[in-house]
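# Observations on chain architecture
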Amino acid sequence: MKLVELVPNFSNGRDKAVVGLLEKCVESIPSAKLLDSEMDYDHNRSVITVVCPISDVVGLAFDLIKTAAENIDMDVQKGLHPRFGSTDVMPLVPLEDTSMEDCVKLSHEIGKKVGNELKIPVFMYANSALDPKRKNLENIRNKKFQIEELRKAIGMGDYVPDYGPSKIGKAGATIMGARDLLIAYNIYLNSDDIQAGRKIASAIRARDGGFAYVKSLAFRIPGNNLVQISMNIVNYRKNPVYRIFEAVRSEAAGYGISIVKSEFIGMVPRDAIVDTINHYLMSDIENKNILDFKAGKI
């Protein structure tokens, strides 16, 4: 069976009822499997991970975007995370026997349907990008260019949508495309020094000469005096999680800052977890912190 993973990012992380409606869209399709659903209050963002047969992808993605448009008002939405619309990003990831070309074709079918029927502007990105400059998400939407800026620029220059009208309504715009598996990963630092956080994020991201497959931003998390280094690891085999963690730890130490905790958002490939466990287990064996072979104790 050809399977596709959908990982839509919605601009709501505070209203559980809205997320519940989105989950019901998935539950209404017997062949679809809801793998994960997460909400982040500070970012005001939720991420749902779904797997379904290729034949159900267009209908399910459309229903999710429609439901989000009806229940998330971008005229009033606020949060830490950069955003364009109620369904901010709709990635399609090929699984099993599904090819990237299959997902590219599906993404354009969805984009055209959303633009024509819901009148939501759609920008194609990643492997579905029609404009090479839009292959990287941060070239479309970033901290400095969000829905507020898009309202003024849409229809002009680099901001003519691939599908739909050159007009922003209450649902904003959607970014859509086919991509490979990635890991969304956050590290929290025991400091509210956002300037130090930004320098750490800059040191590890590809754009500024850091890890070739890491995209990162720094956020001050209100209420708990922490800085979050928020990352997308787009190739976890070439840039393993443990190496990124250690690089952040090293960079932070230079500012007298330490790591409080880290977290994954959404699903994580099993081998990424196994590689990380193996790395730290072997490190501890070498340092004799966990295993004492001579004593025969674990």
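For the structure, check the block above.
Below, the structure is looked at part by part. Only a predicted model underlies this, so the values are computations on that prediction, with no experimental measurement involved.

Taken together, the four strands give an open sheet; going across it, the order is 9-10-8-11, and neighbouring strands pair in antiparallel fashion. In the strand order of this sheet, the two ends are held by strand 9 (214-221) and strand 11 (259-265), each with one partner. The average angle at which neighbouring strand axes cross in this sheet is 20°, direction not considered. As judged from the eight bridges shared by strand 9 and strand 10 (residues 226-233), these two strands associate in the antiparallel manner. Within strand 10, the position partnered with Lys215 by the bridge is Asn232. Here helix 5 (residues 194-204) sits on the sheet in contact with strand 8 (183-189), strand 9 and strand 10, set at roughly 170° to strand 9.

For Ala126, which is not a glycine, the phi torsion comes out positive at approximately 55°. Turning to its location among the elements, Ala126 is positioned in the loop between strand 6 (122-124) and helix 4 (147-153). Positive phi outside glycine occurs at Asn225, with the angle close to 55°. Mapped onto the fold, Asn225 is located in the loop between strand 9 and strand 10. Residue class for Asn225 comes out exposed when judged on its relative accessible area of 54%.

Before going further, it helps to examine the pairing of strand 10. For strand 10, the tally of buried residues reaches seven of eight residues, placing the bulk of the element in the interior. Pairing geometry for strand 8 and strand 10, over seven bridges, is antiparallel. Counted as the bridge partner of Asn186 is Ser230 from strand 10.

Summed over the entire model, instances satisfying the criterion amount to six aromatic pairs. With a centroid separation of 4.2 Å and an interplanar angle of 15°, the aromatic rings of Phe145 and Tyr159 are classed as stacked. Residue Phe145 is located in the loop between strand 6 and helix 4, and its partner Tyr159 is located in the loop between helix 4 and strand 7 (174-178); the two are separated by 14 residues in the primary sequence. There is no split in this pair, since Phe145 and Tyr159 are both buried. Taken together, the ring pairs connect Phe84, Phe123, Phe145 and Tyr159 into an aromatic cluster. Taking the ring centre of Phe219 as reference, the NZ or CZ of Lys143 above it sits at 4.5 Å. Taking NZ or CZ as reference, Lys261 lies 4.9 Å from the ring centre of Tyr188, over its face.

Taking 1.5 Å per residue as the helical rise, helix 1 (residues 16-27) with its 12 residues ought to reach 16 Å, and the 16 Å between its terminal C-alpha atoms agrees with that figure. Looking at helix 1, one finds that the buried residues are Val18, Val19, Leu22, Cys25 and Val26. Mapping the buried residues of helix 1 onto a view down its axis gives an arc of 105°, with all of them on the same face. Set apart from the buried face of helix 1 by more than 90 degrees, the exposed residues are Lys16, Ala17, Lys24 and Glu27. Of the surrounding secondary structure, the elements contacted by the buried residues of helix 1 are strand 2 (9-10), strand 3 (33-40), strand 4 (45-53) and helix 2 (57-71). The residue sitting at the N-terminus of helix 1 and contributing the capping side-chain oxygen is Asp15; that oxygen lies 3.0 Å from the backbone nitrogen of Ala17.

Rules of the game
- One numbering rule holds for all chains: residues counted from 1, following each sequence as written.
- Local features in this predicted model are restricted to residues of pLDDT 70 or higher, and side-chain atom pairs are both shown and tallied only at a pLDDT of 80 or more, whereas totals for entire chains, interfaces and linings draw on every residue.
- To get the side-chain values, all heavy atoms of the structure are used, and hydrogens and water are removed first.
- Any two strands between which DSSP finds at least two bridges are classified as paired.
- Comment: elements are numbered from the N terminus, with helices defined as DSSP H or I runs of at least four residues and strands as E runs of at least two.
- For helices, the fitted line uses only the C-alpha atoms of the stretch in contact; every axis is such a line through C-alpha atoms, and the angle between N-to-C directions lies from 0 to 180 degrees.
- Contacts are assigned to residue pairs that have any heavy atoms within 4.5 Å of one another.
- When a residue's accessible area, from a 1.4 Å probe over protein chains only, is under 20% of the maximum for its type it is buried; when over 50% it is exposed; and in between it is partly exposed.
- Pairing of aromatic rings covers Phe, Tyr and the six-membered ring of Trp, with a centre-to-centre limit of 6.5 Å; geometry is then stacked below 30 degrees between planes, edge-to-face above 60, and tilted otherwise.
- To sit over a ring, a charge needs its Lys NZ or Arg CZ within 6 Å of the ring centre and within 35 degrees of the ring normal.
- One fewer than the residue count of a helix, multiplied by 1.5 Å, yields its expected span.
- To be clear, the arc concerns the directions from the helix axis to the C-beta atoms.
- Between N or O atoms, a polar contact is any pair within 3.5 Å; within protein, one atom must be a potential hydrogen donor and the other a potential acceptor, and residues adjacent in sequence are included only when both atoms are from side chains.

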